[in-house]
Amino acid sequence: MIFKVLYQEDQTHAPRRESTKTLYLEAKDTVEARKLLEENTPYNIELIQELTGNFLEYEKKSPNFKLTEF
């Protein structure tokens, strides 16, 4: 499954919408996705959203769509 992850790069500051970033990740479920992120990044995770069907196709059209591998 493909997941869209919204995150803040810095855990010490309060989250601000303007500094939210996105990455895309492949994992078997949200638990595995969160575990991969916690083990490999210092990010403050805001949301992990599974992408399927039309939502996935829409995101794939974005120039920023690139799967992150750990």
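Located above this text is the structure these notes cover.
Remember, predicted model here, so these are calculated numbers, not experimental data.

J.: Can you walk me through the nonpolar core in this structure?
T.: In globular proteins that are soluble, nonpolar side chains generally tend to be buried together. F3, V5, Y7, L23, L25, A27, A33, L37, I45 and I48 form the largest nonpolar core, which has ten residues in total. Elements with a minimum of two residues in this core: β1 (2-8), β2 (21-26), α1 (30-40) and β3 (44-51). If one sorts the elements of this core by residue count, β1 sits on top with three residues. When sequence neighbours within four positions are dropped, the list of residues in contact with I45 reads V5, L6, Y7, R34 and L37.

J.: How should the pattern of salt bridges be read in this particular structure?
T.: Between side chains of opposite charge, a pair can form when the charged atoms approach closely. Counted under the stated rule, the structure contains three salt bridges. Salt-bridge contacts for K21 lead to E9; the nearest nitrogen and oxygen are separated by 3.3 Å. Placement of the pair is K21 in strand β2 and E9 in the loop between β1 and β2, with a sequence separation of twelve residues. K21 sits in the partly exposed class, given a relative accessible area of 36%. Between R16 and E18 there is a salt bridge whose closest N-O contact spans 3.7 Å. For E18, a relative accessible area of 64% gives the class exposed.

Definitions and cut-offs
- Residues numbered from 1 in each chain as written.
- Predicted model: local features only at pLDDT ≥ 70, side-chain atom pairs only at ≥ 80, totals over all residues.
- Heavy atoms only, no water.
- Core = buried A, V, L, I, M, F, W, Y, C linked by side-chain atoms within 4.5 Å.
- Buried < 20%, exposed > 50% of the residue type's maximum accessible area, 1.4 Å probe, protein only.
- Helix = DSSP H or I, 4+ residues; strand = E, 2+ residues; numbered from the N terminus.
- Contact = heavy atoms within 4.5 Å.
- Salt bridge = Lys/Arg side-chain N within 4 Å of Asp/Glu carboxyl O.

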